[in-house]
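Structural overview
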Amino acid sequence: FSVLNWGTFHGRVHSFQPDGRTSLLSGSNGAGKSTLADAILTLLIDSRKRNYNQASAGGGERKQRKERSEKDYILGTYSEEHDQDLGYGRPKQLRRAGESRTVLLGHFYNETYEQHVTLAQVLWLTPSKSLKRAFIVSKKKLTIEGDFSDLGSSAEVVQNLKSRGLEPLETFKTYSQRFHEALYLSAD
């Protein structure tokens with residue numbers, strides 16, 4: 001599993017490889033465990049059916065803060081600073097709308113069928129902060145560095161993916177159907 005520009009995982013590809021084994025994601029508070037869990041949810045669950053940051057739903061300091069959103073993750077929102085002129089908090093962000101792309105990628109290998117399957121999503125915000133996405137299901141091993149780097153401007157992303165031999169899908173429904181078929185999962 002790899003992420004690029006998701007939450008505070010900024011500027012380079014961050015990966016972990018469970019290699020088909022059960023894995024434990026551990027770390028201190030604020031290390032990014034929930035951020036990575038939310039990335040996996042984004043890759044596998046329709047936005048209308050998922051809730052982010054369930055680890056903090058029980059209360060504590062974050063209880064007063066609103067639920068995280070895809071836009072927060074794409075922009076790398078990590079804190080708020082008080083703006084004395086405005087009289088309220090303003091979010092601190094690592095990235096700006098229209099300037100970067102977020103990529104989430106999961107690679108699976110079925111030893112029985114000797115088959116690779118890669119699921120990927122490219123997410124970006126236009127300069128006007130409209131959320132755009134391209135969904136990819138490929139029966140090849142893809143990597144962020146090799147297949148999703150330098151995607152160009154907001155207007156060029158889909159065309160650049162196509163020029164690399166990838167088939168960007170427009171809806172989560174089609175993407176979900178394709179990855180369920182490719183991974184031999186029932187579509188409940």
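All of the points below concern the structure found in this document. This is a predicted model, so every value here is computed, not measured.

**Re the nonpolar core**
Counting residues in each nonpolar core, the largest one holds 23 residues, and the members touching the most others are Val 3, Trp 6, Ala 39, Leu 43, Leu 104, Leu 119 and Tyr 175. Where this core is concerned, the elements lending two or more residues are β1 (2–6), α1 (33–44), α2 (70–75), β6 (115–125) and α5 (172–182). Each residue touching Val 3, except ones within four places of it in the same chain, is listed here: Phe 9, Arg 12, Val 13, His 14, Leu 36, Ala 39, Val 103, Leu 104 and Ile 144. Residues Leu 105, Val 122, Ile 136 and Leu 142 belong to the second largest nonpolar core, which totals 16 residues.

**Points about unusual backbone geometry**
In the Ramachandran plot, Asn 5 falls in the positive-phi region, its phi being about 55° despite a non-glycine side chain. Within the secondary structure layout, Asn 5 lies in strand β1. Exposure remark for Asn 5: the relative accessible area of 9% places this residue in the buried category.

**Structural notes on the environment of Leu 44**
Structurally, Leu 44 can be placed in helix α1. Taking relative accessible area as the criterion, Leu 44 reaches 33% and is therefore assigned partly exposed. Leave out the neighbours within four places in its chain, and Leu 44 touches Leu 119, Phe 172 and Phe 179.

**Examining the layout of surface pockets**
Put simply, the largest pocket is a space of about 730 Å³. As for the largest pocket, its lining consists of 28 residues, and the residues nearest its centre are Phe 1, Pro 18, Gly 106, His 107 and Phe 108. Of all the secondary structure elements, the ones that give two or more residues to the lining of the largest pocket are α1, β5 (102–110), β6 and α3 (144–147). Of all the elements, β5 adds the most residues to the lining of the largest pocket, at 6 residues. When its residues are assigned to classes, the lining of the largest pocket shows 15 nonpolar, 9 polar and 4 charged.

Calculation notes
- Residues numbered from 1 in each chain as written.
- Predicted model: local features only at pLDDT ≥ 70, side-chain atom pairs only at ≥ 80, totals over all residues.
- Heavy atoms only, no water.
- Core = buried A, V, L, I, M, F, W, Y, C linked by side-chain atoms within 4.5 Å.
- Buried < 20%, exposed > 50% of the residue type's maximum accessible area, 1.4 Å probe, protein only.
- Helix = DSSP H or I, 4+ residues; strand = E, 2+ residues; numbered from the N terminus.
- Contact = heavy atoms within 4.5 Å.
- 1 Å grid on protein atoms, 1.4 Å probe; cavity = no way out; pocket = protein on both sides within 12 Å on 5 of 7 lines; lining within 4 Å.
- Points joined across faces, edges and corners; volume = space filled by probe spheres on them.
- Nonpolar A, V, L, I, M, F, W, Y, C, P; charged D, E, K, R; others polar.

Spatial relationships are all this shows, so hold off on functional conclusions.
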